[in-house]
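Take a look at the letters that make up each chain.
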Amino acid sequence: MKRLLIVLALLAVAGAILWATVGGGLQGSVEDRLEAELVARGLPQPIAECMAGRMAERLSVNQIRKLMKLAPEEGEADIPLNVAEFLERVRRVGDPEVLEVAAGSAAVCAFSQR
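Residues numbered from 1 in each chain as written. Predicted model: local features only at pLDDT ≥ 70, side-chain atom pairs only at ≥ 80, totals over all residues. Heavy atoms only, no water.

Caption draft 1: Representation of the state of the cysteines within the structure. Going through the model one piece at a time under the given rule, you end up with one disulfide. Through a disulfide, Cys50 is tied to Cys109; the S-S separation comes to 2.0 Å. Between Cys50 and Cys109 the disulfide shows an S-S torsion of about -75 degrees. By sign, it is left-handed. Here Cys50 is found in helix α3 (residues 45-58), whereas its partner Cys109 is found in helix α6 (residues 96-112), with 59 residues between them in sequence. (Disulfide = S-S within 2.5 Å. Helix = DSSP H or I, 4+ residues; strand = E, 2+ residues; numbered from the N terminus.)

Caption draft 2: Representation of the nonpolar core. Leu34, Leu38, Met51, Met55, Leu59, Leu67 and Val90 are the most contacted members of the largest nonpolar core, which has 22 residues in total. Where this core is concerned, the elements lending two or more residues are α2 (25-40), α3, α4 (61-68), α5 (83-91) and α6. The contact partners of Val90, leaving out residues within four places of it in the chain, are Leu67, Leu70, Val98, Leu99 and Ala102. (Core = buried A, V, L, I, M, F, W, Y, C linked by side-chain atoms within 4.5 Å. Buried < 20%, exposed > 50% of the residue type's maximum accessible area, 1.4 Å probe, protein only. Contact = heavy atoms within 4.5 Å.)

Caption draft 3: Representation of the side chain of Gln63 within the structure. Looking at where Gln63 falls in the secondary structure, it is placed in helix α4. On the basis of relative accessibility, which here comes to 8%, the residue Gln63 falls in the buried class. Of note is the side chain of Gln63, whose polar atom sits 3.0 Å from the side chain of Asp95. Those residues in contact with Gln63, other than ones at most four positions away along the chain, are Arg58, Asp95, Glu97 and Val98. (Polar contact = N/O pair within 3.5 Å; in protein donor to acceptor, adjacent residues only side chain to side chain.)

Caption draft 4: Quick peek at the pattern of salt bridges. One pass over the structure, following the stated rule, counts six salt bridges. A salt bridge links Asp95 to Lys66, with the shortest nitrogen-to-oxygen separation between them at 3.9 Å. Of the two residues, Asp95 sits in the loop between α5 and α6 while Lys66 sits in helix α4, which places them 29 residues apart along the sequence. When its relative accessible area of 15% is taken as the criterion, Asp95 is described as buried. Residue classification places Lys66 among the partly exposed residues on the basis of a relative accessible area of 39%. Ionic pairing is found between Arg89 and Glu76, a salt bridge with its closest N-O pair at 3.4 Å. Of this pair, Arg89 sits in helix α5 while Glu76 sits in the loop between α4 and α5, and the two are 13 residues apart along the sequence. What makes Arg89 buried here is its relative accessible area of 5%. Linked by salt bridges that have partners in common, Glu73, Glu76, Arg89 and Arg92 make up one network. (Salt bridge = Lys/Arg side-chain N within 4 Å of Asp/Glu carboxyl O.)

Okay, here's the thing in structure tokens:
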């Protein structure tokens, strides 16, 4: 009986891990939070939705956390006034992959909305 409980517990843990990683169980919540953060930073909702999906697929959780901590420096507007300002703030993260993914996502999503 004890072995059966241990096996069931291990199967439950393995199932949860598979759901969270391969099945995309955590992907949706990360993507939703990232989209909300991009909208709060001034991006139009359709572009933010598109970018969040692309960025959630391509960036690690740590890279996304760095992005969410971006704040305006002294003298800057709270919300970037254009894509160039947004990308300049992303550059401050200091991670070339984050900048590449953000710039590529911004370009693809901006053109797909037209």
